[in-house]
Amino acid sequence: MNRQIIAVALLLALAFPVCAQTTVSKKALEIQNSAIVIDTHADTPQRFLDENYDIGSTDPKDRGHISLDKAKTGNLGAEFFSIWVDPETNQGHFAHHTLDLIDSVYEQAARHPDRMMMAFSVDDIERAHREHKLAALLGIEGGHSIENDVRLLRDYYRLGVRYMTLSWSNTNEFADSSGDINNPKVEHHNGLTDGGKQIVLEMNRLGMLVDISHVADKTFYDAIAVSKAPVIASHSSARALTDHPRNMTDDMLHAVAKNGGVVQVNFYSAFVDENYRKADAAQAKERGDAVKAYNDQQKAAGKTVTYIDDDRIEREWTSKLPRPPLSSLIDHIDHIAKIAGMDHVGLGSDFDGVNGATPEGINSAADLPKITQALLDRGYGADDIRKILGGNLLRVFREAERVSHEMQAGKG
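Given the structure is predicted, the values throughout are model-derived calculations rather than measurements. (Residues numbered from 1 in each chain as written. Predicted model: local features only at pLDDT ≥ 70, side-chain atom pairs only at ≥ 80, totals over all residues. Heavy atoms only, no water.)

Q: How should unusual backbone geometry be read in this particular structure?
A: With the exception of glycine, most residues fall at negative phi, and the peptide bonds are largely trans. Positive phi, close to 60°, is recorded for histidine 132, a residue that is not glycine. Note that histidine 132 resides in the loop between helix H6 (122-130) and strand S4 (134-141). For histidine 132, a relative accessible area of 70% corresponds to the exposed category. Even without being glycine, glutamate 147 reaches a positive phi, approximately 50°. Structurally, glutamate 147 can be placed in the loop between S4 and helix H7 (150-158). (Helix = DSSP H or I, 4+ residues; strand = E, 2+ residues; numbered from the N terminus. Buried < 20%, exposed > 50% of the residue type's maximum accessible area, 1.4 Å probe, protein only.)

Q: Help me out: how do you make sense of the pattern of salt bridges in this one?
A: When the charged atoms of two side chains with opposite charge come close together, those side chains can pair. Per the counting criterion, the structure on display carries 32 salt bridges. Across the pair glutamate 202 and arginine 205 runs a salt bridge whose closest N-O atoms are separated by 2.7 Å. Here arginine 205 and glutamate 202 lie together in helix H8 (residues 194-206), a separation of three residues that amounts to about one turn. The salt bridge involving arginine 386 is made with aspartate 383; its shortest N-O contact spans 2.8 Å. Placement of the pair is arginine 386 and aspartate 383 together in helix H17 (residues 382-408), with a separation of three residues, close to one helical turn. Judged by its relative accessible area of 56%, aspartate 383 is exposed. (Salt bridge = Lys/Arg side-chain N within 4 Å of Asp/Glu carboxyl O.)

Q: Teacher, can you tell me more about the packing of aromatic side chains here?
A: In this description, an aromatic ring pair is defined by two values, namely the gap between the centres and the angle between the planes. Taken as a whole, this structure holds eight aromatic pairs when the rule is applied. With centroids separated by 5.8 Å and ring planes inclined at 50°, the aromatic side chains of phenylalanine 48 and phenylalanine 81 adopt a geometry described as tilted. A residue pair is termed long-range when its members are at least 10 positions apart, and phenylalanine 48 in helix H3 (residues 45-50) and phenylalanine 81 in strand S2 (residues 76-83) qualify at 33 residues. When sorted by exposure, phenylalanine 48 lands in the same class as phenylalanine 81, which is buried. Three or more aromatic residues joined by ring pairs make a cluster, and in this case those are Phe48, Tyr53 and Phe81. Just above the ring of tyrosine 53 sits the side chain of arginine 47; from NZ or CZ to the centre is 3.9 Å. We note arginine 312 situated over the ring of tyrosine 294; from NZ or CZ to the ring centre the distance is 5.1 Å. (Phe/Tyr/Trp six-rings, centres within 6.5 Å; stacked < 30°, edge-to-face > 60°. Lys NZ or Arg CZ within 6 Å of the ring centre and 35° of its normal.)

Q: Where do I start with the pairing of strand S5 (residues 161-165) in this structure?
A: Where a strand is regular, its side chains alternate between the two sheet faces. By the criterion of burial, S5 is predominantly enclosed, with five of the five residues buried. Here S4 runs beside S5; their pairing, made up of four bridges, is parallel. Across the sheet, the residue bridging to glycine 139 is tyrosine 163, located in S5. Chirality of the crossover, the property in question, places the unit of S4, H7 and S5 among those that are right-handed. Once you follow S5 into H8 and on to strand S6 (residues 209-211), the crossover reads as right-handed. (Pairing = 2+ DSSP bridges. Right-handed = clockwise from strand over helix to strand, strands pointing away.)

Q: When you look at the environment of aspartate 331 in this model, what are you seeing that I'm missing?
A: Relative to the elements of secondary structure, aspartate 331 occurs in helix H15 (residues 326-339). Put simply, aspartate 331 and aspartate 296 are 35 residues apart on the chain and 40 Å apart in space, counted from C-alpha to C-alpha. Residues contacting aspartate 331, with those up to four places away along its chain left out, are Leu241 and Arg378. In terms of polar contacts, aspartate 331 uses its side chain to reach the side chain of arginine 378, at 2.8 Å. (Contact = heavy atoms within 4.5 Å. Polar contact = N/O pair within 3.5 Å; in protein donor to acceptor, adjacent residues only side chain to side chain.)

Here it is, written out as structure tokens:
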């Protein structure tokens, strides 16, 4: 670790003193347990596929964020499992790997039918809640999964996919990404192509939520202008507080509110705390070099490199940085609620996708009640907290279903 990283880590340690354990009150638990808690982004399918991880695991040493027991403890009622295909390691077979990941979620639900069920609608989420089961939904993270073919989009919808992020960190054939927008080697489209706009409308027609996390700013505004249904940011935070291109500016927050959509706050430390973001950026090159060296070594030995391998190395680097306090995450929820309005903010954790880099006290889905307690401490009422925990997402999902029905009936 070079001197710059050491210096930043020391500054972080001073900025983030050891926090007292959050005590969750009876009132907070009552609110938590009365809500349909919905999280719109977890990368756990990578574990299902690459680790043969069982969501029913009771291993006390499991480092993961999501299990059926952890979900039950935190009263997590519905999880959108991320179907993310690494565009570098899956060249030529994006759709194949997409289908493998989708299948992995179905297999988990089939393995635990008494505690988990596949869900495809608002009604399904509410039924799962009544039956005390985890509702499992699917969200594709990156439009490259449709291989520029709208027929694949329709097939994914038939398989249960209920949102698609228009781009991941890579610009695809129809949408520019925030991840490479400043890379002169990448050919960009100035937002959405005409074909991309048609994909948004087809998503509206199908009833698939349009997700604008990861997209370039111009792509965001194009999607907002075209979509006939409310959009979601499945896992993004506020750029005014943490200056990362993955986060939403205040102008974007206003636009989402006008559209009727919802911003689901990402828990990743580098998206919710500016000091942590800077420290993370300071070690990015060395961390990337370490991952590349390992990957090159494995490839030279004729071995396949998986997401889990990279995650292990990334976690080693993440552990060098002190975690920001829970208040950093709550600041983002609070900011979005104030700028966009109480009806336009929710939870999009990025669980199992951030190399363990979550704020102090948020170690898994079991810790979700701490967010409710923190919101109570800031003066939020029970009804507003329930909106944040899942009510706002249900409203948007229901509206997307209504728009779909109208379009399919020729009224939209």
